[in-house]
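Residues per chain are reported as follows:
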Amino acid sequence: MVPWGIERQTQRTLAVIFAGFCAFLTVYATQPILPVLRQILGISEFLASLTVTASTLGMALTAPFAGRISDRIGRKRTIVIAGFALAFATLGAGFAADLPMLLFWRFLQGMFTPGIFAVTIAYIHDEWGLAESGRGMAKYVGGTVVGGFLGRFLAGYIASQYDWHVVFFVLGGLNLISAVIIWQFMPVESKKGVPATERMGPAVAEHFRNPLLLATFAVGFCVFFSLISTFTYINFYLALPPFSLPTSVLGTLFFVYLTSAVVTPIAGRYIDRYGHRVVLVCGIAAGATGTLLTLVPSVPVIVLGLALVCNAVFVAQTCASGFLGLATKTNRALAVGLYVMVYNIGGSMGAAVPGPIWKAYGWPGVVTLIVSVQLLTMLLAWRLWPPKKAPAIAK
């Protein structure tokens, strides 16, 4: 039986797009409202940034376990359960009365997200296969682009018109709708991943002895560090003179995410053609250029720079996520979970580490840090990834 009269290939495409949308709709939604939270809650920039750190830390802690759970109960079941749990945690954040309660719900949001994020990556590798995983990953990342944009845009707009609590009620409702769509449209996986037959400890140790995986983890760490650093502290920068942008306008800055929805599928085709290393290095080089452009005291130029940063990060994420399928064959879901863990540790540090630099040196100091990390990302990929698509390595 074909649900809704839609063929399986279209079903799985819609499902992974909405999975990406659902996973990234709320995780970073507090970024454009950080100045609002700072003012209303009477907290510092650093404490406000913890609303981003809390969700990324939650993701880092549970990511390795999400893959193992999906190995046992199935990819689709794990994704659907996590989708509904994420929706209820988001609605819970709408009832937070103070910063500690908000951080609690934000942490729970992060804990449930890897059940969607990490497991969908493993689902794509199982369903599309290595030959077409770049294209499948690009569709998924396209969904994350739209979700990441809409969550931030709606948060900025709603917080400028209503109480900030309403942000989480609206986003929680959208998450709930997304979970229903995934439940209805995602086919049960027809190609099973290699089952996890060994204990988690030895499996983790074996993955950390795989040099290609270690290189990929490091790349993911750097990529997410640069994204979260940029889009957390740019809000504080643009809220100050000479820009003095209101929250509603800060939310519209995330329209630059939509350009990635166009660029990322194109990058997927180039990955399948030229390999992951070349595409990633070219993308990050463009992102470093964009970061430097944000130093120009002109809002249009800054927006152009942010667009380049966005495209670089999502292209790099597509490269790194796709490369996981080439770097390992056994316990792949666990490998994805470990990648998501390291990736989100990078994001957590990206929200917190620039705080003292921002206080001491302002936006130019933060830009110097971000560009340094972007250069490190290119160096790691160029030196440690193979120049061409490597055969799958059983590690």
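Treat the numbers as computed from the prediction; the structure is a model and nothing was measured. (Residues numbered from 1 in each chain as written. Predicted model: local features only at pLDDT ≥ 70, side-chain atom pairs only at ≥ 80, totals over all residues. Heavy atoms only, no water.)

(A) Seen up close, the pattern of salt bridges. The tally for this structure, following the rule as stated, stands at 1 salt bridge. Note that Arg-38 is salt-bridged to Glu-45, the shortest N-O span being 3.1 Å. (Salt bridge = Lys/Arg side-chain N within 4 Å of Asp/Glu carboxyl O.)

(B) Looking closely at the confidence of the model for the protein. Of the residues in the protein, 91% have a pLDDT of 70 or more, and the chain-wide mean is 85. Throughout residues 389–395 the model reports pLDDT below 50, and contacts reaching past four residues in sequence, or to other chains, amount to 23 contacts. (pLDDT = per-residue confidence, 0-100. Contact = heavy atoms within 4.5 Å.)

(C) Structural view of the packing of helix α10 (residues 211–239) against helix α16 (residues 354–384). The interhelical angle for the contact between α10 and α16, taken along N-to-C directions, is 155°, at an axis separation of 9 Å. As far as their axial angle goes, α16 and α10 are roughly antiparallel. As α10 runs across α16, the sense of the crossing is left-handed. Split into classes, the residues belonging to the contact of α10 with α16 amount to 22 nonpolar, 6 polar and no charged. (Axes fitted to C-alpha atoms, helices over the stretch in contact; angles between N-to-C directions. Helix = DSSP H or I, 4+ residues; strand = E, 2+ residues; numbered from the N terminus. Parallel < 35°, antiparallel > 145°, perpendicular 65-115°, else oblique. Left-handed = near helix turned anticlockwise from the far one by under 90°. Nonpolar A, V, L, I, M, F, W, Y, C, P; charged D, E, K, R; others polar.)

(D) Layout of the nonpolar core. Counting residues in each nonpolar core, the largest one holds 104 residues, and the members touching the most others are Phe-117, Tyr-140, Phe-231, Leu-238, Tyr-257, Trp-363 and Trp-385. If one sorts the elements of this core by residue count, α10 sits on top with 17 residues. Apart from residues lying up to four places away in sequence, Phe-231 is in contact with Gln-31, Phe-254, Val-256, Tyr-257, Leu-306, Val-309 and Cys-310. Leu-37, Ala-93, Ala-155 and Ala-159 belong to the second-largest nonpolar core, a separate cluster that totals 17 residues. (Core = buried A, V, L, I, M, F, W, Y, C linked by side-chain atoms within 4.5 Å. Buried < 20%, exposed > 50% of the residue type's maximum accessible area, 1.4 Å probe, protein only.)

(E) The arrangement of unusual backbone geometry in detail. Of note, the bond from Pro-241 into Pro-242 is cis; its omega dihedral lies within 30 degrees of zero at 5°. Phi is positive for Ser-244, close to 50°, though the residue is something other than glycine. Within the secondary structure, Ser-244 sits in the loop between α10 and α11 (247–252). You can call Ser-244 partly exposed: its relative accessible area is 43%.

(F) Just empty space enclosed by the protein, in detail. Taken as a whole, this structure holds 1 cavity of 30 Å³ or more when the rule is applied. Here the largest cavity is characterised by a volume of approximately 100 Å³. Contributing to the lining of the largest cavity are 15 residues, with Phe-24, Thr-144, Phe-314, Gln-317 and Tyr-343 lying nearest its centre. Counting residues per element, the ones that place at least two in the lining of the largest cavity are α7 (133–161), α10 and α14 (299–327). Counting residues per element, the lining of the largest cavity draws most heavily on α7, at 5 residues. In the lining of the largest cavity, the residues fall into 11 nonpolar, 3 polar and 1 charged. (1 Å grid on protein atoms, 1.4 Å probe; cavity = no way out; pocket = protein on both sides within 12 Å on 5 of 7 lines; lining within 4 Å. Points joined across faces, edges and corners; volume = space filled by probe spheres on them.)

(G) Up close: the layout of surface pockets. The computed volume of the largest pocket comes to approximately 210 Å³. In this structure, the largest pocket is lined by Thr-62, Phe-65, Ala-66, Ile-69, Ile-73, Thr-78, Ile-81, Ala-82, Ala-85, Met-111, Phe-112 and Gly-115. Those elements that provide at least two residues to the lining of the largest pocket are α3 (45–73), α4 (75–93) and α5 (99–112). Broken down by element, the residue count for the lining of the largest pocket peaks at 5 residues, all from α3.

(H) Focus on the packing of aromatic side chains. A full pass over the atoms with the stated rule returns 22 aromatic pairs. Relative to Trp-358, the ring of Tyr-233 lies with its centre 6.3 Å away and its plane at 40°, an arrangement referred to as tilted. With a gap of 125 residues between them, Tyr-233 in helix α10 and Trp-358 in helix α16 connect regions that are remote in the sequence. Residue classification places Tyr-233 among the buried residues on the basis of a relative accessible area of 1%. What makes Trp-358 buried here is its relative accessible area of 12%. Taken together, Phe-24, Tyr-28, Phe-117, Tyr-140, Phe-224, Tyr-339 and Tyr-343 form an aromatic cluster joined through their ring pairs. Its guanidinium or amino end placed over the ring of Trp-382, Arg-277 lies 3.7 Å from that ring's centre, counting from NZ or CZ. (Phe/Tyr/Trp six-rings, centres within 6.5 Å; stacked < 30°, edge-to-face > 60°. Lys NZ or Arg CZ within 6 Å of the ring centre and 35° of its normal.)

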